[in-house]
Structures are given as C-alpha cells and as structure tokens.
Amino acid sequence: MIESQLSPENRARILIFIFGLLLFVLAARLFVMQTIEHEKYYLMSEENRIRLVPEIAFRGIVYDRNGNVIVENRPLYTISAIPNEIEDIEKISVQLSHVLAMPAEQIAKRINENRFFRYKPVRIARGVSFEAICKIEENADKYPGIIFQLEPARKYPSGGIISHAVGYTSEISEKELMEIEGQGISRGSDIGREGIEKYWDSYLRGRDGITYLEITAEGQIVGNLPQRDNIPAVPGKDVVLSMDYDLQMYAVSLFADTLTGACVALDPRNGEVLLLVSIPSYDANLFSGVLRSEDWNRLRENPQKPLLNRVIKGEYPPGSTYKLIVAGAGLEEGIIDRNTKFAACRGGYRFGNRVFRCWYAAGHGALGVVGSIAQSCDVYFYQLGQKLGLDKFAEYSRKCGFGTKTGIDIPGEQYGLVPDEDWYDQKYGKGKWPISVILNLSIGQGEVLTTPLQLANFYAALGNGGNLYRPHFLRKVFDRQDTTETKPEILGHLPFSKSTLALLKEACVDVLYDEKGTARGSKIEGIRFGGKTGTAQNPHGNEHALFCAFAPADDPIIAIAVIAENAGHGSEAAAPLASKIVRRYLEKNNLLPEIDTTEMMVQDSED
Amino acid sequence: MLLKGKISGSAVALFLCGIALSALGVVLIYSATNTAVTSHEEGLFIKQIIWIALSLLIFMLVVLLPMRMHEVLSYVYYIFLILLLIALMFYGRTGGGSQRWFDLGFFHFQPSEIGKVIVLFALARYLSYSKRPSQQFRRLIIAAILVLIPTALVLKQPDLGTSLVYLTIMLVTLFWSGLPAVYLLLIMTPIFSMIASFHPISWVVFFAVIIGLLLVVRPGAAMSSVIVAVNLLFGMITPFIWNRLAEYQRLRIKIFLDPGLDPLGAGYQIIQSKIAIGSGGLIGKGFLAGSQTKLNYLPVRHTDFIYSVMGEEFGFTGGIIIIGLMAMIILMGLRTAVKVRNRFTSFICVGAVSILLFQTIVNIGMTLGLMPVTGLPLHFVSYGGSSMILSWVLLGLLVNAEINWQEY
C-alpha cells in the first residue's frame, strides 16, 4: 500500500489550487460572457422584451380625372392564435374550421409550426368575413387565445371595370420582404401586382409604422418602450389618374356579353389615357386580402384570358388601320402624290402566279391615295407597298411608334412586331422567304403585330400634328405636404410632313364622311372626325374588327383604338362602338353642336 | 463572555463575509420579486431577513457549542439522519416529483439539507479515529458505506444535487485523510464507467485503461478486485438506470448537454439565465433595471437563479464580488483546517469548505450554462430557510474551529 507523503499544508495547497481553479473557471466564464459576448446577449435580452407591432400604412386613394374615387381602402379582418394560450390545439382547430371553412389540419399545422414563439400571434386566416368575427367574439370563452386584428386592404368599388388599368394588390411574400427590407414595409403588407398599383407602388404604398412594446415573458404588455419612439405609419400618396371613369364605364357597357376585345382612348394633346378597357376583365377585389385558389384557377384557366390586358399585351395584326403608315411613307418617299393612281382594282392583284385579293370583290377601280384609304382598297396598297419595299416599310413603322413600347405607366407592355429583312432571314433562312410578304404587310396583315395602345397612340399623333406622346395615366400625386403634376412627354414625331399629315387626315375624315367611306355608318353629325377601319386576319377563328379614330378632326381631344375579337369587319363591330364613345366624350366636353336637340325643338314647334 | 480573548481577525472576517453575502442576497431577492407585473412573491425579502436573523441565532449556538460534543454524538446524529430519511419515504411531502420534506406547517423541513453536516460529522469522526496505514482499504470501504447509505436514500427521493454533495464530502475528506490521489482517481472510476457505458466500444477501451492502471499502481488484490467489480457493475447497470430515471432528470442531463434541445422548457431556463448575465456587461443594468429579471424572463430567480439577477443588474462587478467572498470563506476555512490541532475539527473544516464550494460551483456554473440544472441553491444568497440555516451552520463550524484552534 502506498501511504500519502503529503503534509497537511501540502494537501491544503492542493485543495486551494483545485478549488481556486474551479472558481477561476467561473470568474473567467463570467468575464467572457459579460465582455466579449455582451453585445450578443444584450441584443437577445432586447429581443426578449421588445415586441415590434407593425402598423400597416394605408395605401393612397386613386381618383379619376373628375375626382371620383376609383380605388380606396377597407378593413380586413385577420384571425390569429396565441399558441401559449391554447391548451388543446386540435380542439380549437376543429372549432375554427367550422367558422372559417378551412380544413382543421391546416389550422393545427400552422399553430404547431409556430409554437416556438409562444406569445407571438400566429396568423390563421386573413380576410375573414365580419360574420365569422362576430361568431368568434360572441363565444370568446370557447376560443381562448384566438384574437382578431384589423388591417387595411384595397377596395375596388367598380369591381372589374377598371381592373386592367389599375391592377390589384396582394400580400408581400417572404422573399420580396427580404429583398426590399428597410423600406418601411412589413410582413402582411400589400404591394401592387399589376397596373397602376404596381407601376406607382412606391407612391401609393406609404411607410408602415412600428410600435415598440415592452412585454413580459408571459407576453403581457407592460407598456410603450420608454427609450424608443414609435414610428408612425405614413399613408401612401393619393394619385389622380387621367382616366375618365364615366367614359370607362360606358365603354365597358358597350361590349356585349359575348364580345371580347379591347378599347383604349388617349388625349392627343398630351398622351393622357382616358380609358383602357380589356374584355373580359376580372374583379380586382378577389386579390385584395386572401385570394382563394379556386378563384385564381378559374381566372387562369378561362380560355378567354380575363387576366390578359389586351390593350398593352394583346398583339394583333393591325389590318387596314395600318394603311395610313404605308400611305404616309409613300407620300414622304415621293412614290406617290395625292393624284397618283396605280392599276385599277378589279377585286384582286396578280403578283407572280398568285392573286392577292381585295376585300371588295367587285373592285374599287382606279383610286387616288385618299379614296384608297377611305374605301380601304387593298389593291392600291399592294402596289404601293411593292414600290415602297420592306426596308422602308419597317423604317416608317418604327418611326410611327410600332415595334416598340409606348412607355405607358402600367407594367407588362408588349412590343408588337415590325418584321424586316433580318427578321425574315432569321425566321425562314436567308432568301427562303417570298418577296411577296410586303404585299400582305402593306394592308396590315401577315407578320406585322401591334398592340391597341400603339394604334391609339399613332392615331393620336396623326390628329395632333405628328407628336408621339408617352401615354400615361398619372396626372397628379399629392399628400398633405405637396403635389406633383405629371408633364406630358413627347417621345417622337411622326416622320410625315405637314402636307402629308393633312392629306392623311383628310383621308381619315373621308372614311367616315365620304359617301363611299367604309365607316360612313358611324359618323357623328355636326362635327367631323377621322378614323380608319381594319380587319385583322385571325388564323384561330373569325377575323378581328378594328377601328381607330381621332376627334374632332381639327384639334382632336380624343384618339381611340377599338378591337372587337372575332367580330368580323371593322366597320360593323368596332367603328360603331368607337363612334359611341367618341360621341359621349365630345358631348361631355361640349364639343357637339346640339343638333339633335334643336331638330327636336323644331319638330316640337311644328306640331 | 465565553469568547473573550479568542476572537481572531479570521473569525471576524469569516463572519463578515457571511453577512455581506446574506445582505447581497436580500437586495437581490428584493429586485427579483419586484417585477413589472403584479406578483405574489413581493415581500419575500422580509422573510429572508427573518431567516437570516434565525440563522444568526443558530450560528451563535454552533460557535458556542464545543466541537467535542459533536465528535461524541456524530454517530447518534448519523443514525437519527438515516431514520429520518427512511421516515421521509412514508411521511414525507411530495412536491415537484420528489419527496424531500416534512411539512411542519410554518416550515418545510428537509432532512437531507442538515444531512450534509451530519454526513460530514460521521465521516470526520470515522476518518479521524482510524489512521493506521495497514487499514487503508478497510477504511475506504467503511467510509464509502457511511456515505452511500444516506446518498442512496436521498437519490431515492430523488434529489441528485444533494446526493452529489454527499459524494463530494466523501472524496474531499478521504483526500484529507491522506489517501493518495491515485486511489481517489480509482474511486471515481465508476463515474467514468457510467459515461463510457453508453457505447460498448468506449466502455471496452475504458475498462482496458482501468486494468492497466491497476497493474501500474498495484493497490493490492482486495482493492483491485473491488474496483474491477464496481466498474463492471456500473458499466452494466447504467443503461438500466438511465432507462429508469425520471423523465425530468433525463431531460435535465440531455438539455445540459444541449440547451437548444428544448428552448422553451428546461433549456429555456439556462438560455434566459445566460442572456441575463451576458446582457449585464461589466457594470450591469442597474438595481431594479434588469429587463430579464423585471419581465419574468428569468426563471426561479429568487432561489436557483439569484446569481443571474446579480449578473444582470450589477454585471461583472457584482458577479465577481460574490465569487470573491466565497473564495475568501473557502481560503480561510482551509487555513483553519491546517491550523487546528484537533483532527476531527480539521476534517469538519475541510468538509464545510467543500460543501460551500461544491454548491457555489454547481449553482453559479448552472447560471453560466456550465452545469446542468440541479436545483442546488447558492449558499447565503438564495432565498430559502433550509439553505440559509445550513450556510450559517457551516460558517459557525468554521468560526468555532478558528476560535478554538488550539484545543486538542
């Protein structure tokens, strides 16, 4: 056996060493935690005691040009659960599932997933009906830990009438939240998804506020945090749009139930959009709050594509409405003057071994450029286009604003298509396409594609003396402090001289007022205005009817493009519709001599 | 007076350390129970002052009673303790999953608490009377039996913390009795055996090391065979016991190893305590200004986690003061242990010091996240009568020894 050789003093020293070492470890750990790691723990203690309650800012109100409120806010009820106060998650979930018409498993799953922060409300359902809130509040004792919160959501009083112009909002996603952190937007906020709501989101959105609360471990609110000032929510700015809501509503009403299509009207003096209609439309209110998946699927799967904004995203062959560009190019290039005539129209034009037909099988005879436009003679334009050539066709098209975005202040605009030699080479291979494509292009058929907005903008420029304005909705942004008004922006000029413009204008007027004009049935008595019919070939079904116009012919205040899908000739479906809108707008602006009324008065006096 | 001429500087210093710690405790309990929302614990600091007053009376009694008396009565105390612990199994009050107290109406009497002193008395008595080197193995076995009986009874309650205190007393007093450190290591091998036994390979490696160690040290055939047997036994029954542990005990061990396992349950306590202390910084957030304390984030803060209140509101400054005062008591106690002429008293000093040290390490270690949650209070500082009385009894024994160091 080994006996200890240590004296009591040495044993005591060993104990002191061991005990001291242990106490030193404590002291060292204490020191490290309170110096090096202090910052980390301090933040954690602050996180513990501070609850940030976001106050979601109201989005700005949207007015039309006459001061009508077209978009406003409404209260949205959200049902949340505080996990700590719920004893039986299953039971609560089943109860809630009856009231909220949601599967119980889904509710239970959501609560369970967020149980970790046991005092933080877990959102169960957003956009709950007022009735459901009442049911829960009346039986509050049956729903321990279930609370409701109120937040603002968008309200579109008009339903679907303005949806394609104004768009809609929906809740910001987690991913977006990360991307735009620190811009005063909090979880649960709505952001713009389409139209004005998206394009001018930064104006409309405002800044969400934050309330700092001090809370106990049990989640009890002690009060405001004395060291930090709450950040108040700043509501979004209000905006005034150039849209004429009455006119918009009227335009929508003119589309019969079965008719799909689009209509857009601009103010040729500055590019303001007066109306923007795409049919069918959708109810933007569906997206505000909680979008139900069945609604979403119905919208998405509808073959008529209600979510497609046909004005800016619909690309159609322009048909005869495009003849103005070809005619203008011919005049500018000196290929024709007002008296130039080509081989007479006998209902068709032979090119090589193929006959290109005129829509009027009986033939127009030999017409000048004005008559060819007014009567929409295809044969004239086959010959003019042939002389003009593909290069010039493409050049003038682009200068007239086609094949490019107009720059309107709603997102998603399409370019349309102005084909040129490169394009054909790429598509069919070099030299592997017939030279005759120019014949079709000259009457606005074939590969050329335009959006209704591009057409309206071109006709606006035609009416206003050649200025291509940037189409826009936004007239004014204002809040309590200041007001910003939008200035018109000229993006370009039509490549036409004054005399060319005058001639084209005259031709447009003849379309309506000449006794042989294609749209003579749609003229408005008492004034003169110009327009052009078009019929777009549609490989998928009946032809689309188009009509573009500007009114009055001198100093126009409205330019309009209408497309009625699968509705046949432009003169039959599109022109009367456009004419009615124009008439309504001119009446509103007191530009129509009160002919009808005086006649009636005369009649009255005769009786 | 009885003590005239005997009171040394050390005795006064010991007393003042105890007073300082107790006073700090009252301040911290006041803060701990002064929360932002209404609580039913307000006024606990008054009760604590009463406990301190009572403890001081007992302290005086312990200082005045001759150590000789305890020496004579050691085994009587011991038998009484065993009987009490057995009686507890039948008449004890059950609370919090364990059976630890007798309900005396005004006071929950916890025999295992005063048992710490009694186990020390019995061990000191036994070890101070047997000093023949030839009997070392026998001495080891008997000392172990003396401690293991109450340890087993306390473990049965179950109270892991207190039973570990008993084992600590045994280890330190055995060392003090002159047992070589290698033996102590061998005694502790069953603990390593327990840890190693969670995996067969680790346990086989461990067992090979034990055999090797025995071949080098050669502690004799009897001792060797006992060590081998005990290690075999522990290695085999540990998995069995693990499965029989109460769920909360297993959880505590698991959560000690990984507090992230249960951030809202037992791990929550450790995390919140660490946040409280870490957020205190060097000088703390100020009296009554600790958010962790005030807003109830800190669990059982007037008892087990009182040190975290100190750490949050007074920072490193406050934290190191408590460690410093404890260190002074321990240092002075050990010096007395060397100085006293009576062998029994010397053991008492070392034992008292090791009880104080062990609980300080375990309690503060727990608040710092270094130790599992055992529920051992911090001596002098934590709220509670039993703990306060025991603190002052231990201090009384040290002061008694210091005053009467010359007596044989």
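For the structure given in this document, a descriptive report is provided here. (Residues numbered from 1 in each chain as written. Chains lettered and ligands numbered in written order. Predicted model: local features only at pLDDT ≥ 70, side-chain atom pairs only at ≥ 80, totals over all residues.)

1. Here we look at the overall build of chain B
Applied cut-off: Numbering of helices and strands starts at the N terminus; helices are DSSP runs of H or I of at least 4 residues and strands are runs of E of at least 2. In this scheme the burial state of a residue depends on its C-beta neighbours within 10 Å: 20 or more other such atoms mean buried, 12 or fewer mean exposed, and anything in between means partly exposed; the C-beta positions come from the backbone. What counts as a contact here is a pair of residues whose C-beta atoms, placed from the backbone, lie within 7 Å.
Each helix and strand in chain B was counted, giving 15 helices and three strands. Considering chain B as a whole, with its 408 residues, one finds that 50% of them fall into the buried category. Counted over contacts in chain B with a minimum sequence separation of 6, partners at least 24 positions apart contribute 70%.

2. Some details on the overall build of chain A
The secondary structure content of chain A amounts to 21 helices and 21 strands. Contacts in chain A between residues far apart in sequence, at least 24 positions, make up 72% of those at least 6 positions apart.

3. Let's talk about the pairing of strand β21 (residues 558-564) of chain A
Residues and elements named next belong to chain A. Heads up, the rule is: One bridge is not enough; two strands pair if DSSP finds at least two bridges between them.
Judged by how many residues are buried, β21 sits mostly within the fold: seven of seven residues are covered. Pairing geometry for strand β11 (residues 261-266) and β21, over six bridges, is antiparallel. The residue of β21 that forms the bridge with C263 is V562. Here strand β20 (residues 544-551) hands over to β21 after six residues, with D555 in that stretch at a positive phi of 45 degrees.

4. Examining the sheet that holds strand β1 (residues 50-55) of chain A
All names here are of chain A. Spelled out, the test is: Under this scheme, a helix contributes an axis fitted over its contacting stretch, all axes are lines through C-alpha atoms, and angles between N-to-C directions fall in the 0 to 180 degree range.
With antiparallel pairing, three strands are arranged side by side in an open sheet as β1-β8-β9. Looking at strand neighbours, the two that pair on one side only are β1 and β9 (221-224), the edges of this open sheet. The sheet shows a mean angle of 35 degrees between the axes of neighbouring strands, direction not considered. The pairing of β1 with strand β8 (residues 209-215) spans six bridges and is antiparallel. What sits directly across from V53, in β8, is T211.

5. A look at the pairing of strand β12 (residues 273-279) of chain A
Residue and element names in this part refer to chain A. Taking burial as the measure, the seven residues of β12 include seven buried ones, the bulk of the element. Examined bridge by bridge, β11 and β12 share six bridges and lie antiparallel to one another. If you follow V264 over to β12, its bridge partner there is L276. Two successive antiparallel strands, β11 and β12, enclose a turn made up of six residues, where G271 displays a positive phi of approximately 90 degrees.

6. Remarks on the environment of B:E407
Note that B:E407 resides in the segment after α15 (385-403). Separated by 62 residues in sequence, B:E407 and B:T345 have C-alpha atoms that sit 9.6 Å apart.

7. A word on the nonpolar core
Rules: Each nonpolar core reported here comprises buried Ala, Val, Leu, Ile, Met, Phe, Trp, Tyr and Cys residues connected via C-beta atoms within 7 Å. In this entry, domain limits derive from an automatic or database-based domain assignment.
Of all hydrophobic cores here, the largest spans 127 residues; its most connected members are A:V264, A:A456, A:Y459, A:I560, A:V562 and A:A574. Inspection of this core shows a minimum of three residues originating in each of domain 1 (51-242) and domain 2 (246-588) of chain A. Residues B:C349, B:L376, B:V393 and B:L394 belong to the second largest nonpolar core, which totals 118 residues.

8. Points about the interface of chain B and chain A
We apply this condition: Under the convention adopted here, Pro, Cys and the residues Ala, Val, Leu, Ile, Met, Phe, Trp and Tyr are nonpolar, Asp, Glu, Lys and Arg are charged, and Gly plus all remaining residues are polar.
Of the residues lining the interface, 41 residues belong to chain B; the matching set on chain A comes to 36 residues. At the level of elements, α6 (160-176), α11 (266-280), α12 (291-294), α13 (306-339) and α14 (343-367) of chain B are the ones that each hand at least two residues to the side of chain B that touches chain A. Of all the elements, α13(B) adds the most residues to the side of chain B that touches chain A, at eleven residues. Split into classes, the residues belonging to the side of chain B that touches chain A amount to 27 nonpolar, 13 polar and one charged.

9. A closer look at the sheet that holds β20(A)
Residues and elements named next belong to chain A. Judged by pairing direction, the sheet is antiparallel, and its five strands sit side by side in the order β12-β11-β21-β20-β19 without closing on themselves. Each having just a single partner strand, β12 and β19 (530-536) make up the two edges of the open sheet. Pairs of neighbouring strands in the sheet enclose a mean axial angle of 5 degrees, with direction left out of account. Bridging between β19 and β20 involves seven bridges; their strand directions are antiparallel.

10. Things to note about the packing of helix α10 (residues 245-254) of chain A against helix α20 (residues 570-588) of chain A
All names here are of chain A. Using the following cut-off: Any angle from 65 to 115 degrees is called roughly perpendicular, while one under 35 is roughly parallel, one over 145 is roughly antiparallel, and all others are oblique. Note on convention: near helix rotated counterclockwise from far helix by under a right angle means a left-handed crossing. Clockwise means right-handed.
With their axes 10 Å apart at the nearest point, α10 and α20 run at an angle of 155 degrees to one another. The angle between α10 and α20 falls in the class roughly antiparallel. α10 and α20 meet at a crossing whose hand is right-handed. Of the residues in α20, those in contact with L247, Y250, A251 and L254 of α10 are L577, K580, I581, R584 and Y585.

11. Topic: unusual backbone geometry
For residues besides glycine, phi is generally negative; the peptide bonds are generally trans as well. In this structure, A:P280 follows A:I279 across a cis peptide bond, with omega equal to 5 degrees. Mapped onto the elements, A:P280 comes out in the loop between β12 and α11 (293-301). Of note in the backbone geometry, A:S376 takes a positive phi value of approximately 60 degrees without being a glycine. Relative to the elements of secondary structure, A:S376 occurs in the loop between α14 (369-374) and α15 (378-399). In this structure A:S376 comes out as buried when scored by C-beta crowding, with 29 C-beta atoms within 10 Å. Positive phi, close to 70 degrees, is recorded for B:N296, a residue that is not glycine. Structurally, B:N296 can be placed in the loop between α12 and α13.

12. Section: the packing of helix α7 (residues 181-196) of chain B against helix α9 (residues 221-244) of chain B
All names here are of chain B. Where α7 contacts α9, the two axes come as close as 8 Å, and the packing angle between them is 25 degrees. Relative to α9, α7 is oriented roughly parallel. For the pair α7 and α9, the crossing hand works out as right-handed. Across the interface between the two elements, L186, T189, P190, S193, M194 and A196 from α7 touch I227, V230, N231, F234, G235 and T238 from α9.

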